[in-house]
Amino acid sequence: MQYSTTHEVSEKLVRYSPDGKTLALAHAYNLVLRHADTLQILSIHKCVDKIDRLEWSHDSKIVLVACTARRTAHVVDVHQPDWHCKIDEGPLGLAHARLAPDGRHVLTVAEAKMRLTIWSLLDRSVRFIRCPKHTDAGLAFSPDGAQMVLAHRADGHDELRFYVCDDGSFGVVRAFEVASDDLADVRWSPSA
């Protein structure tokens, strides 16, 4: 058995890509991508602050990292090391960021839950959804990634809204008020 040299990581942020070919790790301000078998460095990407969240797209092509101290998210394309983008919510402040199942849209929630923003990595378009109830909960995608459900809080009432997202439009398909005093989270049935 052979052992590799030790590699430093921050906040235990080490994730294999879903295809198992690439290893992403956060080391302070750097996102380091390594070949999973040899641990050879494929690329290093500098961020504006310490990385505290790391997420892979389902197709293993995109990596999202969040630097909540600076209220920014960074997106990197594994196969195009020179391509990257930085996302922030401006004066509203970014509280949470995640990838949509297609891996080509980033969803961010502004501080104070004023809005959820959908950033397209394909055409650079931006869509806004007002009044999400939570920053990092109350949002779920159907198992096939075609729909999204989001908890809203408006006028003192909780509401669920369903969006179509497989075409990139994120348009509302259905909405209804929930008979709950405080909706904590939502989940899709695995067989939905």
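The sections below set out a description of the structure shown in this document. Note that the coordinates shown come from a computational prediction; the quantities given were computed from them, not determined experimentally.

Points about the overall build of the chain
Then, number 1: Counting secondary structure elements, the chain contains 0 helices and 16 strands.
Then, number 2: Relative to the globule expectation of 16 Å for 192 residues, the C-alpha radius of gyration of the chain, 18 Å, shows essentially globular dimensions.
Then, number 3: Projecting the C-alpha coordinates of the chain onto the three principal axes gives extents of approximately 60 × 40 × 30 Å.
Then, number 4: When burial is assessed residue by residue, the chain has 45% of its 192 residues classed as buried.
Then, number 5: By sequence separation, contacts in the chain at least 24 residues apart represent 30% of the contacts at least 6 residues apart.
Then, number 6: Counting only carbon and sulfur atoms, one obtains 49% of the accessible surface of the chain, whose full area is about 10700 Å².
Then, number 7: Taken as two groups, the 23 positive and 26 negative side-chain charges of the chain have centres that lie 3 Å from each other.

Here's the deal with the sheet that holds strand 16 (residues 171-177)
Then, number 1: Pairing is antiparallel in the open sheet, where 4 strands are placed in the order 13-14-15-16. The open sheet terminates on both sides in strands that have one partner only, identified here as strand 13 (139-141) and strand 16. Along the sheet, successive strands turn relative to each other by an average axial angle of 20 degrees, direction set aside.
Then, number 2: Direction of pairing for strand 14 (residues 147-154) relative to strand 15 (residues 157-164): antiparallel, over a ladder of 8 bridges. Considered in strand 15, the bridge of M148 is made with Y163.

Here we look at the pairing of strand 9 (residues 94-99)
Regular strands have side chains that alternate between both faces of the sheet.
Then, number 1: Examined bridge by bridge, strand 9 and strand 10 (residues 105-110) share 5 bridges and lie antiparallel to one another. When the bridges of strand 10 are listed, A97 appears paired with T108.
Then, number 2: Here strand 9 folds back onto strand 10 in antiparallel fashion, the turn holding 5 residues, of which G103 has a positive phi close to 70 degrees.

Considering the side chain of E89
Then, number 1: Among the secondary structure elements, E89 is positioned in the loop between strand 8 (84-88) and strand 9.
Then, number 2: Of note is the side chain of E89, whose polar atom sits 2.8 Å from the side chain of R115.
Then, number 3: Setting aside its immediate chain neighbours within four residues, E89 contacts L94, T108, A110, R115, T117 and W119.

Brief notes about the state of the cysteines
Simply put, the disulfide is a covalent bond whose two ends are the sulfur atoms of two cysteines.
Then, number 1: Scanning the entire structure with this criterion turns up 0 disulfides.
Then, number 2: Just so you know, C47 is unpaired, no disulfide at all, and the nearest cysteine sulfur is the one on C67, 4.6 Å from it.
Then, number 3: Judged by relative accessible area, which is 9%, C47 ranks as buried.

Quick look at the packing of aromatic side chains
Each aromatic ring pair is summarised here by two numbers: the centre-to-centre distance and the angle between the ring planes.
Then, number 1: All chains considered together, the criterion is met by 2 aromatic pairs.
Then, number 2: Here the aromatic rings of F162 and F176 are separated by 6.0 Å at their centres, their planes lie at 25 degrees, and the arrangement is stacked. Separated by 14 residues along the polypeptide, F162 in strand 15 and F176 in strand 16 bring together distant segments of the chain.
Then, number 3: Residue F162 is classed as buried on the basis of its relative accessible area, which comes to 16%.
Then, number 4: A relative accessible area of 30% means that F176 is categorised as partly exposed.

Rules and cut-offs
- What you see as residue numbers is a count from 1 along each chain, following the sequence as written.
- Restriction of local features to residues with pLDDT of at least 70 applies here, the model being predicted, together with a cutoff of 80 or more for giving and counting side-chain atom pairs; totals for whole chains, interfaces and linings are based on all residues.
- Side-chain numbers here rest on the full set of heavy atoms in the structure, without hydrogens or water.
- Each helix corresponds to a stretch of at least 4 residues labelled H or I by DSSP, and each strand to a stretch of at least 2 residues labelled E; elements are numbered beginning at the N terminus.
- Only the C-alpha atoms count toward the radius of gyration. The rule for a globule is 2.2 Å times the residue count to the power 0.38.
- Each residue is placed in one exposure class: buried if its accessible area under a 1.4 Å probe, protein chains only, is under 20% of its type's maximum, exposed if it is over 50%, and partly exposed if it falls in between.
- Contact criterion: two residues are considered in contact whenever any of their non-hydrogen atoms come within 4.5 Å of each other.
- Only the protein chains shown count as cover for residues, and all accessible areas are computed by the Shrake-Rupley method using a 1.4 Å probe.
- Residues scored as positive are Lys and Arg, those scored as negative are Asp and Glu, and His as well as the terminal groups of each chain are ignored.
- To locate a charge, the coordinates of NZ of Lys, CZ of Arg, CG of Asp or CD of Glu are taken.
- Paired strands are those between which DSSP finds at least two bridges.
- Angles here are taken between N-to-C directions and fall from 0 to 180 degrees, while the axes themselves are lines fitted to C-alpha atoms, restricted in helices to the stretch in contact.
- In protein, a polar contact means a hydrogen-donor-capable atom and an acceptor-capable atom, both N or O and within 3.5 Å, with residues adjacent in sequence counting only if both atoms are side-chain atoms; elsewhere, any N or O pair within 3.5 Å suffices.
- Here, the term disulfide refers to a pair of cysteine sulfur atoms separated by no more than 2.5 Å.
- In this analysis, rings of Phe, Tyr and Trp, with Trp reduced to its six-membered ring, are considered paired at centre separations within 6.5 Å, and the interplanar angle assigns stacked below 30 degrees, edge-to-face beyond 60, and tilted for intermediate values.

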